[in-house]
Amino acid sequence: MLKPSPSAAHYLLTHFHWFWDLLNATFLRDTVMRLVLTIRSNLIPSPPTYNTKYGYLSWESYYNMSYYTRLLPPVPEDCPLPMGTKGKATLPDPKVLAVRFFRRKKFRPDPQGTNLMFAFMAQHFTHQFFKTNHDVKGGFTKALGHGVDATNIYGQTLERQHQLRLHKDGKLKYQLIDGEMFPPTVSEASVYMKYPEGLPSEQQLAIGHELFGILPGLTLYATLWLREHNRVCDVLRAEHPSWDDEQLFQTTRLIIIGEIIKIIIEEYVQHLSGYFLKLKFDPELLFNERFQYSNRIALEFCQLYHWHPLMPDSFIIDDEEVTYSQFIYNTSLVTHYGVEKLVDSMSRQVAGQIGGGQNSHEVVLKVVEMTIKESRQARIQPFNEYRKKFNLRPYKSFYEFTDDLEMAKGLEDLYGDIDALEFYLGVMLEKTRHGAIFGESMVEMGAPFSLKGLLGNPLCSPEYWKPSTFGGETGFQVVKSATLQKLVCHNSKWCPYVNFKVPGKEQEANSRKSSTEL
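About the thresholds
Residues numbered from 1 in each chain as written. Predicted model: local features only at pLDDT ≥ 70, side-chain atom pairs only at ≥ 80, totals over all residues. Heavy atoms only, no water. Helix = DSSP H or I, 4+ residues; strand = E, 2+ residues; numbered from the N terminus. Rg over C-alpha atoms; globule rule 2.2 N^0.38 Å. Contact = heavy atoms within 4.5 Å. Areas by Shrake-Rupley, 256 points an atom, 1.4 Å probe, with all protein chains shown as cover. Lys, Arg positive; Asp, Glu negative; His and termini not counted. Charge placed at Lys NZ, Arg CZ, Asp CG, Glu CD. Core = buried A, V, L, I, M, F, W, Y, C linked by side-chain atoms within 4.5 Å. Buried < 20%, exposed > 50% of the residue type's maximum accessible area, 1.4 Å probe, protein only. Arc of directions from axis to C-beta. Phe/Tyr/Trp six-rings, centres within 6.5 Å; stacked < 30°, edge-to-face > 60°. Disulfide = S-S within 2.5 Å. Expected span 1.5 Å × (residues − 1). Bend = angle between axes of the 7 residues up to and from the residue.

Draft legend 1. Highlighting the overall build of the chain. Helix and strand content of the chain: 22 helices and six strands. Computed over C-alpha atoms, the radius of gyration of the chain comes to 23 Å, within 12% of the 24 Å expected from 2.2 N^0.38 for 518 residues, which places it in the range of a compact globule. Over its C-alpha atoms, taken along the principal directions, the chain stretches across nearly 65 × 55 × 55 Å. Here the analysis covers contacts within the chain between residues at least 6 apart in sequence; of these, 72% occur between residues at least 24 apart. Summing over all exposed atoms, the chain offers an accessible surface of approximately 22500 Å²; the carbon and sulfur share of this is 54%. Charged side chains of the chain number 56 positive and 58 negative; the gap between the two group centres comes to 4 Å.

Listed below in structure tokens is the structure:
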């Protein structure tokens, strides 16, 4: 009876700044953080229950890692209508939906100040576990792991990993351009990368993920993590001069995974939440709780994470406008401008608001269509059914669902009933919270998947979370003290403005102060 609703809890966490400033300075911060982690994580079943093929408990659902798992079973095939028992007999054309409800009319900046540094981190980070197998119908993944494993840096297969490794001092292969470290070319590290024909060989960089040459923002993060890996190898080699290449590499990889989780929870999720509670990455908070250190990526999580509205109309790098035709598959932008100018520019350029609809650039509308088709192949249950699953009140009408009357009428005409609205359209088109990047459902559904996946990593278990895992106290401290700013500033000639939020005057002052300290 006393438990606040999700909207009430969100209001409390995003208001009363003075109260949270006091709480963050006391032991109560750990108590509240533990509550946040356990309440969110308990919404995700572990072990997993269903997958795309089986709408009932089966050994395949648990054991077969080639499937995405799923939170709710599929709409039964013998239902009279596509979305169950409500709605129309035929679902709307995906292309019509993409153009009418997703296509950008005018760029709408995110009111939270989210920037492109965040946007490309979102894509770089999630593509280590979102690897849908489009060659197989029905919710299969090509990812061998179901969580943060840094395969986007090291490659998914052992063969790819060995091609990317220098096999000396634990380091990854690299090339020097004007004395600066960048990923090697494909001719230097023979791995498959998806580049268009005719692209100059010097622009065909070899990266852990085969698609990360497509956007310079992804190549930028690949460069940063390459430099960080090799930097940490030097730190460990100084601590353990007797260690061979293999032990240096494997221990550094564990440190890098730890750094990723720390940055994602304390800065990335912190920014998204808008909470005044200062989030904390401390696995020990859960050591006395019932918690399973395992994770499976759900199809619904993959669906809701299509955040393409983040992308702007064009890119401003060092005060120069770069169009999409100049941006896509142009890794030379990274080597030409350098890490510092790219980070600074992307940290200062605002990204688009994700929720509310009609804010996706023309170039990504095909992805919208593809996502809708995939959801139908997997027979994902209606949006309101997921609202119920996450303890949210189901919407009673399209006019309650969105503040845009034209959109509400259009959706009503196409779907007939709010209970027939598809899941993907629901999380993407829902009215946004005041001053927020997206609506209630995206936060309340996405956060449990995210936090369970991050804290369910074996690295966070009592067996792994100790100094010896990371080569001693020095390596352990690298993980515990990791920040986005350190990732950049430890691996660049000068320290640019770096944040997941566009700067205000106060932030710039703090940034300059922190940069000087670094």
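Having seen the structure, we can now continue with the description.
Draft legend 2. Layout of the nonpolar core. Among the nonpolar cores identified, the biggest contains 143 residues, and Met117, Phe120, Tyr268, Trp307, Leu411 and Leu425 are the most heavily contacted of them. Here this core takes 13 residues from helix α10 (residues 245-273), the largest share from any one element. Excluding residues that lie within four positions of it along the chain, Leu425 makes contacts with Leu97, Phe102, Ile372, Phe401, Leu411, Tyr415 and Glu430.

Draft legend 3. Up close: helix α1 (residues 6-13). Among the residues of α1, those classed as buried are Pro6, His10 and Leu13. The buried residues of α1 all sit within an arc of 65° when viewed along its axis, so they share a single face. Residues of α1 that are buried in the fold lie against α2 (17-24), α10 and α19 (440-455).

Draft legend 4. View of unusual backbone geometry. With an omega dihedral of 5°, the bond running from Ser46 to Pro47 counts as a cis peptide bond. Unlike most non-glycine residues, Asp178 shows phi in positive territory, near 55°. Within the fold, Asp178 resides in the loop between β3 (175-177) and β4 (180-182). For Asp178, a relative accessible area of 77% gives the class exposed. In this model, Gln358 sits at a positive phi of 55°, which is unusual for a non-glycine residue. Considering the arrangement of structural elements, one finds Gln358 in the loop between α13 (332-348) and α14 (365-377).

Draft legend 5. How the structure looks around the packing of aromatic side chains. Summed over the entire model, instances satisfying the criterion amount to 36 aromatic pairs. Judged by centre distance (5.0 Å) and plane angle (50°), the ring pair of Trp59 and Tyr62 falls under tilted. Of this pair, Trp59 and Tyr62 both sit in helix α4 (residues 59-63), separated by three residues, roughly a single helical turn. Taking the relative accessible area as the measure of exposure, Tyr62 reaches 40% and is therefore partly exposed. Relative to Phe327, the ring of Phe315 has its centre 3.7 Å away and its plane inclined at 5°; by these criteria the two rings are stacked. Of this pair, Phe315 sits in strand β5 (residues 315-317) while Phe327 sits in helix α12 (residues 324-327); the two residues are twelve residues apart in sequence, bridging distant segments of the chain.

Draft legend 6. View of the state of the cysteines. Per the stated rule, a full pass over the model turns up one disulfide. The disulfide bridge from Cys489 ends at Cys495, spanning 1.7 Å between sulfur atoms. Looking down the S-S bond of the Cys489 and Cys495 bridge, the torsion is 55°, so its handedness is right-handed.

Draft legend 7. Spotlight on α13. The first and last C-alpha atoms of α13 sit only 21 Å apart over 17 residues, clearly below the 24 Å expected at 1.5 Å per residue. The sharpest bend along α13 comes to roughly 105°, located at Gly338. Burial within α13 is extensive, with twelve of its 17 residues counted as buried. When we look at burial in α13, the residues that qualify are Leu333, Val334, Tyr337, Gly338, Val339, Glu340, Leu342, Val343, Asp344, Ser345, Met346 and Ser347.

Draft legend 8. Focus on the environment of Leu248. Its location among the elements puts Leu248 in helix α10. It is 7.1 Å that separates the C-alpha atoms of Leu248 and Arg237, two residues lying eleven residues apart in sequence. If we skip the residues at most four places from it in the chain, Leu248 touches Asp169, Gly170, Cys233, Leu236, Arg237 and Trp243.

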